[in-house]
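Take a look at the letters that make up each chain.
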Amino acid sequence: MRRARRAAASARFRARARDRACPAARAWPAADGFRAPSAGAGRGSGRSRRSTRRLRAAPARRPTPRPARPAWICRCPAGPRWRTRGCRGPRRRRARRPRTRAESPPERADAGTRTSRDNSAMTEPYAEALATFDRLFDEAAAAGEPDRTAMVIATAGLDGRPAARNVLLKAHDERGFVFYTHLNGRKGRELQANPRAALLFYWPRVREGGVQVRIEGAVEIVGDAEADAYFAGRPRLSQLGAWASKQSETLESREAFEQRLAQIEKEFEGRDVPRPPRWSGLRVKPERIEFWYAATYRLHERHLYECDCTGKWSKRMLYP
Ligand SMILES: Cc1cc2nc3c(=O)[nH]c(=O)nc-3n(C[C@H](O)[C@H](O)[C@H](O)COP(=O)(O)O)c2cc1C
Ligand code: PXP
C-alpha cells in the first residue's frame, strides 16, 4: 500500500518535472502509436482532437515518455533545468543578376511557403539571412528548379549515427522551417530523442553555378492547430495514406499496404479525414545558416550566419 503511494507520488513528481521542462521536448504527442480507425469508431466530421481519439481503438494509454536527455543545451527560457552540464542538365539562358547579397527581397504575391515576417523579433544578421533565403527561394522558382522546396534533413539519434532523407519545406518564417511527417518514423523517433537537425537545399540552376543553403538548429513540433490546418489542405488520398502508412516499419507486401488503405478509405467514407495524432509538422529553428555560391575553379563564396548562446546573430565569410 505504502509502496503504491510512493510510486504514485514519484510518477506525479516526474510528470511535474516534465511539464516544467523544455517546451520543445514536452510538446511531442504521446507515443501511444498509430492505431487504425477501428470499425464502428466515432462518426461525424470529426476534426477535433477528441473525435480523433475516438477513431483509434482504445489502446492502453501510456504516459508521454520523457525524452532522453538531449546532448545539447536548450536555449529556451525553461532550458536550464534540462542542461546536462554537462554542368547540370539543360542550361537555360537567364538574365544575369548582380551578386549583391544585401538587397531586400522582392515582394511577391506568390511567396511560396513563406508565411509571416516580423523583423522586430529578429536581430539584424538573422533578418538578413532570412531575406537572402527568400530571395534565393524566389530565384529558384524563376530558374525552373524542379522542386525548390525539396530539402535533405539529417538527424542522429542517441546512438550518434546520422541519417538523411528528403522532405518538403511547407512553411518558413522567422520562427523556422517546417516540414510534415510521421512522428513514429525513423526521423521522428530520432528527433524526439535528439531534437536537432540539419537541413540542406541545393538549387543548381540558381545564379551562375548553383547555390547551396545549409541550416542547422533545434527542432520543435508545430502546434495542433497549425498541423490540422496543413493536413486539412492535403488531397484526400494523401490524408488517407497518412493513416495507412506505418512509416519506416517493415511492409510485408505492397498488397498489404493497399488492403490497409482500402480498409481506411472505407472507414472514413462520407466524412472528413482527421489528422492522425502522430502525423505532424516539425519546425527547425535556425542557429546557423550558410549560403554557398558556386564560382569557377572552386573559388566559391560562403557566407555563414550564426547565433551564439546568448541569441546574438553574427555573420562571417568562410574559405571555400
Ligand atoms: C523529394 C522527396 C520529398 C519527400 N518529402 C517528404 C516529406 O515531406 N515528409 C515525409 O515524411 N517524407 C518525405 N519523403 C520521404 C522521405 O524521404 C523518407 O523516405 C520518409 O520520410 C521516411 O524517412 P524516415 O524513415 O527517416 O523517417 C520525401 C521523399 C522525397 C524523395
Ligand atoms: C510520406 C510523405 N509525407 C508528407 C509529405 C509532404 O508533402 P505533401 O503534404 O505535399 O504530401 C511527403 C512529400 O513527399 C511524403 O512523401
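Preceding this paragraph is the structure being described.
Residues numbered from 1 in each chain as written. Chains lettered and ligands numbered in written order. Predicted model: local features only at pLDDT ≥ 70, side-chain atom pairs only at ≥ 80, totals over all residues. Heavy atoms only, no water.

### So, the packing of aromatic side chains
Here is the rule we go by: The rule is short: rings of Phe, Tyr and Trp, with Trp giving its six-membered ring, pair when the centres are within 6.5 Å, and they are stacked under 30 degrees, edge-to-face over 60, tilted in between. Numbered from the N terminus, helices here are DSSP runs of H or I no shorter than four residues, and strands are runs of E no shorter than two. Note on exposure labels: buried denotes an accessible area under 20% of the residue type's maximum, exposed denotes more than 50%, and partly exposed covers the range between, all computed with a 1.4 Å probe on protein chains only. Only lysine NZ and arginine CZ atoms are considered, and such an atom sits over a ring when it is within 6 Å of the ring centre and within 35 degrees of the ring normal.
Taken as a whole and assessed by the stated rule, the structure comprises 13 aromatic pairs. Note on Phe133 and Phe137: the rings are 5.6 Å apart at their centroids and 20° apart in plane angle, and the pair reads as stacked. Here the residue Phe133 and the residue Phe137 both occupy positions in helix H4 (residues 124–142), the gap between them amounting to 4 residues, near one helical turn. Here Phe133 and Phe137 have matching classes, each one buried. Ring plane angle 85° and centroid distance 5.0 Å describe the contact between Phe133 and Phe177, whose orientation is recorded as edge-to-face. Linking Phe133 in helix H4 with Phe177 in strand E4 (residues 176–182), this pair joins segments that are 44 residues apart in sequence. Overall, Phe133 belongs to the buried group, its relative accessible area being 1%. For Phe177, a relative accessible area of 0% translates into the label buried. Grouping aromatic residues by their ring pairs yields a cluster made of Phe133, Phe137, Phe177, Phe201 and Trp203. Stacked on the ring of Phe137, the Lys or Arg Arg148 has its end atom at 3.9 Å from the ring centre.

### Observations regarding the nonpolar core
Put simply, the test is: Within this scheme, the nonpolar core is defined by two criteria: the residues are buried Ala, Val, Leu, Ile, Met, Phe, Trp, Tyr or Cys, and they are joined through side-chain atoms within 4.5 Å. We call two residues in contact whenever any of their non-hydrogen atoms come within 4.5 Å of each other.
Judged by nonpolar contacts, the single largest core of 34 residues is most densely connected at Phe133, Trp203, Val213, Ile289 and Phe291. The biggest single contributor to this core is H4, with 7 residues. With residues near it in sequence (within four places) discarded, Val213 still touches Phe133, Leu136, Leu199, Leu200, Phe201, Trp203, Ile289, Glu290 and Phe291. Counting residues in each nonpolar core, the second largest holds 15 residues, with Tyr180, Ala227, Ala242 and Phe268 among its members.

### Concerning unusual backbone geometry
Located in the positive-phi region is Tyr297, a residue other than glycine, with phi close to 55°. Take Tyr297: it is sitting in the loop between strand E7 (279–293) and strand E8 (301–307). The class of Tyr297 is exposed, set by a relative accessible area of 74%. Here the phi dihedral of Arg298 falls at roughly 65°; this positive angle occurs in a residue that is not glycine. Its location among the elements puts Arg298 in the loop between E7 and E8. For Arg298, a relative accessible area of 66% corresponds to the exposed category.

### A look at the packing of helix H7 (residues 236–244) against helix H8 (residues 254–267)
What counts here: Axis definition: a line fitted to C-alpha atoms, limited for helices to the stretch in contact. Angles are taken between N-to-C directions and run from 0 to 180 degrees. Here a crossing is taken to be left-handed if its near helix is turned anticlockwise relative to the far helix by less than a right angle, and right-handed if that turn runs clockwise. Residues are grouped as follows: Ala, Val, Leu, Ile, Met, Phe, Trp, Tyr, Cys and Pro are nonpolar; Asp, Glu, Lys and Arg are charged; all remaining types, including Gly, are polar.
Two elements in contact, H7 and H8, have axes whose closest approach is 9 Å; the angle formed by their N-to-C orientations is 115°. For the element pair H7 and H8, the recorded crossing hand is right-handed. Counted together, Leu237, Leu240, Gly241, Trp243 and Ala244 of H7 and Phe257, Arg260, Leu261, Ile264 and Glu265 of H8 form the full contact between these two elements. Of the residues belonging to the contact of H7 with H8, the class tally is 7 nonpolar, 1 polar and 2 charged.

### Overview of the environment of Arg175
Mapped onto the elements of the fold, Arg175 is located in the loop between strand E3 (171–173) and E4. Each C-alpha atom, one on Arg175 and one on Pro286, is 8.2 Å from the other, the two residues being 111 residues apart in sequence.

### Let's talk about the site of ligand 1
Our working rule: To be near a molecule or strand, a residue needs just one of its heavy atoms within 4 Å of it. What qualifies as a polar contact is a pair of N or O atoms within 3.5 Å, subject to a donor-acceptor requirement within protein and to the restriction that residues adjacent in sequence count only when both atoms come from side chains. Using a 1.4 Å probe, accessible areas were evaluated by the Shrake-Rupley method; residue-level cover was limited to the displayed protein chains.
Close to ligand 1 lie Arg165, Asn166, Val167, Leu168, Tyr180, Thr181, Gly185, Arg186, Lys187, Gln247 and Ser248, which account for all nearby residues. Here an oxygen atom of ligand 1 sits 2.7 Å away from a polar atom, N or O, in the side chain of Thr181. Taken by itself ligand 1 offers 620 Å² of open surface, and the protein chains cover 62% of this. Among the residues forming the shell around ligand 1, the class breakdown is 3 nonpolar, 5 polar and 3 charged.

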